[in-house]
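Working through the structure, step by step
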Amino acid sequence: MGVASVALSTPTVGVILASAAPAAAAVAVAPAGSVGYDVSHPQCGRALPSAGAFGIVGVNGGLAFAPNKCLAQQYAAMSDHVYATGLYINTGNPGAAGAHRPTEGARSPALCMHNSGGTDIGCAYDYGWMAAADSIATAQAAGVPISGRTWWLDVERENSWSDDPVANAADLQGAVDSLRSHGVDEVGIYSTATSWKEITANYATTTAAAYKLAWQPLFSPKFPLESLPLWVPAGSKSPQTACASSFTGAPVRLAQYIENGLDTDLVCGAVGITSLPPAPKLPGEARKLEAHMAHRKGVKLSWKAPKSDGGAVVRTYRIYRGTSKSHQGSYRTVTCTTSSCSWTDTKAKHHKRYYYRVKAINIVGKGPRTGRVDAKGR
C-alpha cells in the first residue's frame, strides 16, 4: 500500500510535540574490515566465539516482551573485546491479538484511539515504545549497561506485523524514540530489503516525509528513523556486496554472513569496496610482564608489546586479576599503543597479594595470556 494514498480516518487530536533531542554520545565503532560475532537465545549453553573485535547479543528470546534467559551470561562472554558489545531487540506490531497492547484512550505516550488490527498509528507507536522499554528493563535486570553501545532493531517478516505499513513504521519509530529516551546513545536497524519493503512499504530517506505527515495528528518523531545505520544479512551475496545494499538510503555499517557455523559480522567500509586486505591474525603474547607495589597506592604492572601484532595494530590489553594462583578473572581493558606499557591497579588493597596476567588485543581478538605475576598492594 503506497504511503501517499494513506488517509487518516481518526479525528484530529492534539499533536505530541517532539522534545528537544539530547545529543547522542559517541559510540566507538570498530574500523572498516573488522570482524565480530552475534549471538542470542539459540546459543544458550553453547560455547561462544572468543575472537573478534566486537560482539552483539540479543536481548529477547525471539519475540518482543520475551527475555533472553541467557542474556547476562552471553553478554559477559561476548564483552571481552576491544569495542563495546552491541545489543539487538526483536520488534513487531501484532495488533489487538497480541499481548501487551496499549490501552485505548491512553497516551503512552501517543494517543491510542482504536486498538484493533494494528492499524491505529498511535497504538502502534505506543506498542513499539513499550516493547523497547521492556527490553531496556530486561537488560538492566541482567546487569547489562544501557549506554555506550549501539542497540539494533531486528525487523523481520517472521515476527507478527500489521497489514498497514504506515502503522508498522510508526511502531518502529516508537521503539527508536523509546530507546533513545531511555539513555541509548545509538540505534540501528537489522533487516533485509524484502522484509523492510513488506513491513514498511519502503520507508526511506526519500519517503519519510509522507509517513511523518500521516503520523502528525498523533505524534511527532523525536529521532529520525530513516537515517539509522543498517545491519544487513548477506545471504548468497558476499559481505562486501551486502555493504552496498542499503534499503533506506542510510549507510550500511555491518554485513552478516555465516562462517564456520557462526553468525559473523563485517564492519563495512566505503561504498563500492571490492576486496579486503588479507585478514589479520591474533596478536602474539605480551612480553616481560612485571608487577610491583605501586609508589603511592595499589599495584603497578608493566609489560612490552608482543613481537608480532598479527598484522593489525595492538591498541588495547586485557588485564586478568585474582587473589589466588589458580584463578585470574577478566578485570580491566587498558589502552596502550607504544612498545612499553604500564598500568596501576589503584583498587588493590593495602598489603593484600594479587595475581595478574595480560592479553594483547587487535581487531581480530585476544592473543595468549602472559605468565602469572604477583605483588602486594601498597
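What you are looking at is a predicted structure, and each value in this text was computed from that prediction instead of being measured.

1. A short note on the sheet that holds strand β9 (residues 287-293)
- Ordered by their spatial adjacency, 3 strands build an open sheet running β9-β10-β13, and the pairing between neighbours is antiparallel. Because the sheet does not close on itself, it has two edges, and the strands there are β9 and β13 (340-345). The mean inter-strand angle of the sheet, taken between neighbouring strand axes irrespective of direction, is 15°.
- As defined by bridge partners, strand β10 (residues 299-304) adjoins β13 across 6 bridges and the pair is classed as antiparallel.

2. Quick notes on the state of the cysteines
- This model, assessed by the stated rule, comprises 4 disulfides.
- Between the sulfur atoms of Cys112 and its disulfide mate Cys123 the distance is 2.0 Å. Linking Cys112 and Cys123, the disulfide has an S-S dihedral of approximately 90° and is accordingly described as right-handed. Of this pair, Cys112 sits in the loop between β3 (86-90) and α2 (121-141) while Cys123 sits in helix α2; the two residues are 11 residues apart in sequence, bridging distant segments of the chain.
- Look at Cys112 and you get buried, because its relative accessible area is 0%.
- Classification of Cys123 as buried rests on a relative accessible area of 0%.

3. Some words on the environment of Gly284
- Residue position: Gly284 is located in the loop between β8 (262-267) and β9.
- Taking the C-alpha atoms as reference points, Gly284 and Asn362, separated by 78 residues in sequence, lie 9.9 Å from one another.

4. Here we look at the environment of Cys44
- Checked against the element boundaries, Cys44 lands in the loop between β1 (35-39) and β2 (55-58).
- Distance from Cys44 to Gln74, taken between C-alpha atoms, is 7.8 Å for residues 30 residues apart in sequence.
- Not counting the four nearest positions on each side in its chain, Cys44 is found in contact with Asn68, Cys70 and Gln74.

Here is what the cut-offs are and how they apply
Residues numbered from 1 in each chain as written. Predicted model: local features only at pLDDT ≥ 70, side-chain atom pairs only at ≥ 80, totals over all residues. Heavy atoms only, no water. Pairing = 2+ DSSP bridges. Helix = DSSP H or I, 4+ residues; strand = E, 2+ residues; numbered from the N terminus. Axes fitted to C-alpha atoms, helices over the stretch in contact; angles between N-to-C directions. Disulfide = S-S within 2.5 Å. Buried < 20%, exposed > 50% of the residue type's maximum accessible area, 1.4 Å probe, protein only. Contact = heavy atoms within 4.5 Å.

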